[in-house]
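Notes for the structure review
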Amino acid sequence: MPVHRPGTLLATLALLPFLLALAAPAPASAADKPPARGTAHMGMGVAAHDGTGGLPPDGRAVQTEGVDVSSHQGNVDWTALWNSGVKWAYVKATEGTYYKNPYFAQQYNGSYGIGMIRGAYHFATPDTTTGAAQADFFVNNGGGWSRDGRTLPGVLDIEWNPYGSACYGKSQSAMVSWIRDFLGRYKYRTGRDAVIYTATSWWKQCTGNYGGFGASSPLWVARYNTTVGELPAGWAYYTMWQYTSTGPIVGDHNRFNGAYDRLQALANG
């Protein structure tokens, strides 16, 4: 008959919380949780999905340096950017139909005030509301256009979903329809064709490499490498290229594919 030893039982009970903690599943880390709605910004998924390489070399073609900013940058030092050679900027205005950039006025007006040609962009969330509804929200909250020679057409930022599945739960055909809905409404409201910002790999995955928008919407392509690489179907050339997220003063730096007068032409429509 086994002998009961009180000391052994007490030791086992003392270890019980530790043993239960070992058996319990580990809590999700902050890195495992999706970011809060509204915090998305242009290019946030590029490095994770496509990787990064070196910076593009200075080429023979004339290009014009630009930046894109969102609430992540807060109040931007536009004077420093202007003095560094940056001549244009895009500012996040809205996301979905639920978020407006609280720094929009400082960023949008500040870039204009220092002399830059500026524009606004909308981070698309095709799983929350229709394309038309998001285009209206964008135009009503900073995404409009005026023929003042210094305002660029609005941008549809359509890329990896930071809050869930990459393609927002949509089929390729449904995604194309959503984009068409946004573009059509934006054109109706402003008279301008919106620029499409995207990455080629996302475009292939989520639209089936649809080629029907290139005739009207300028392309802003994202690729953090020495060359722009393959473009999405439908575009023979890019208008803008986001080439790094680690540039000086603000991270996201871009090149407009042309001289300053061509940038002015895009602003003028």
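Above this text is the structure in question.
Heads up: these notes are all about the structure in this document. Source: prediction; values computed, not measured. Position numbers for residues count from 1 along each chain, tracking the sequence in the order it is written. Reporting in this predicted model follows two pLDDT cut-offs: at least 70 for local features of residues, and 80 or more for side-chain atom pairs to be given and counted; totals over whole chains, interfaces and linings ignore these cut-offs and use all residues. Side-chain measures here rest on the full set of heavy atoms in the structure, leaving out hydrogens and waters.

Considering the pattern of salt bridges
The rule for a salt bridge is simple: a side-chain nitrogen of Lys or Arg has to be within 4 Å of a carboxyl oxygen of Asp or Glu. A complete count under the given rule lists 6 salt bridges for this structure. Between Arg37 and Asp127 there is a salt bridge, and its shortest N-O distance comes to 3.6 Å. Of this pair, Arg37 sits in the loop between α1 (6-23) and α2 (46-50) while Asp127 sits in the loop between β4 (117-123) and α5 (131-143); the two residues are 90 residues apart in sequence, bridging distant segments of the chain. Taking the relative accessible area as the measure of exposure, Asp127 reaches 37% and is therefore partly exposed. With a shortest N-O distance of 3.5 Å, Lys187 and Asp193 are connected by a salt bridge. Residue burial is assigned from relative accessible area. The probe radius is 1.4 Å, only protein chains are included, and a residue is buried under 20% of its type maximum, exposed over 50%, and partly exposed in between. With a relative accessible area of 37%, Lys187 lands in the partly exposed category. Three or more residues joined by partner-sharing salt bridges are found here, namely Asp136, Arg185 and Arg189. By the criteria applied, helices consist of DSSP H or I runs no shorter than four residues and strands consist of E runs no shorter than two, each listed in order from the N terminus.

Remarks on helix α4 (residues 104-114)
What α4 keeps buried is the set Phe104, Gln107, Tyr108 and Ser111. Projected down its long axis, α4 carries its buried residues within an arc of 90 degrees, all on one side. Those residues of α4 that are buried are in contact with β1 (64-69), α3 (78-83), β2 (88-95), β4 and α5. Two residues or fewer past α4, Gly115 is found with a positive phi of approximately 120 degrees. The directions from the helix axis to the C-beta atoms form the arc being described. Throughout, a contact is declared for two residues whenever any of their heavy atoms are within 4.5 Å.

Describing the packing of α5 against helix α6 (residues 172-190)
For any two helices packed against each other, the geometry is given by the interaxial angle and the distance between the axes. To get an axis, fit a line to the C-alpha atoms, keeping to the stretch in contact for a helix; angles then go from 0 to 180 degrees between the N-to-C directions. One can describe the packing of α5 onto α6 by two numbers: an axis separation of 7 Å at closest approach and a directional angle of 40 degrees. Here α5 is positioned oblique relative to α6, judged by the angle of their axes. Seen from above, α5 lies across α6 with right-handed handedness. On the side of α5, the interface is formed by Gly131, Ala132, Gln134, Ala135, Asp136, Phe138, Val139, Asn140 and Gly143, while α6 contributes Trp178, Asp181, Phe182, Arg185, Tyr186, Arg189 and Thr190. In the contact of α5 with α6, the residues fall into 7 nonpolar, 5 polar and 4 charged. Working rule for angles: under 35 degrees goes down as roughly parallel, over 145 as roughly antiparallel, 65 to 115 as roughly perpendicular, anything else as oblique. By the definition used in this description, the sense in which the near helix is turned from the far one sets the handedness, with an anticlockwise turn below a right angle giving left-handed and a clockwise turn giving right-handed. Under the grouping applied here, Gly and all other residues not named as nonpolar or charged are polar, the nonpolar ones being Ala, Val, Leu, Ile, Met, Phe, Trp, Tyr, Cys and Pro and the charged ones Asp, Glu, Lys and Arg.

Topic: the environment of Gly154
Among the secondary structure elements, Gly154 is positioned in the loop between α5 and β5 (155-157). In this structure the C-alpha to C-alpha distance between Gly154 and Lys187, which are 33 residues apart in sequence, comes to 9.9 Å. The contact partners of Gly154, leaving out residues within four places of it in the chain, are Ala120, Phe138, Gly143, Tyr186, Ala194 and Val195.

Section: the nonpolar core
A general feature of soluble globular proteins is that nonpolar side chains tend to end up buried together. Take the buried Ala, Val, Leu, Ile, Met, Phe, Trp, Tyr and Cys residues and link them wherever side-chain atoms come within 4.5 Å; each set so joined is a nonpolar core. Trp88, Tyr90, Ile158, Ile179 and Trp220 are the most contacted members of the largest nonpolar core, which totals 67 residues. Here the element with the most residues in this core is α6; it accounts for 7 residues.

Some details on the pairing of strand β9 (residues 253-256)
Burial of β9 is two-sided: the residues His253 and Arg255 facing one way and the residues Asn254 and Phe256 facing the other way are all buried. For two strands to pair, DSSP has to find at least two bridges joining them. Summarising the sheet, β1 and β9 pair through 4 bridges and their orientation is antiparallel. Counted as the bridge partner of Gly66 is Asn254 from β9. Sheet topology note: the strand β8 (residues 240-244)/β9 ladder contains 4 bridges and is antiparallel. Its bridge partner being in β9, Gln242 is matched across the sheet by Asn254.

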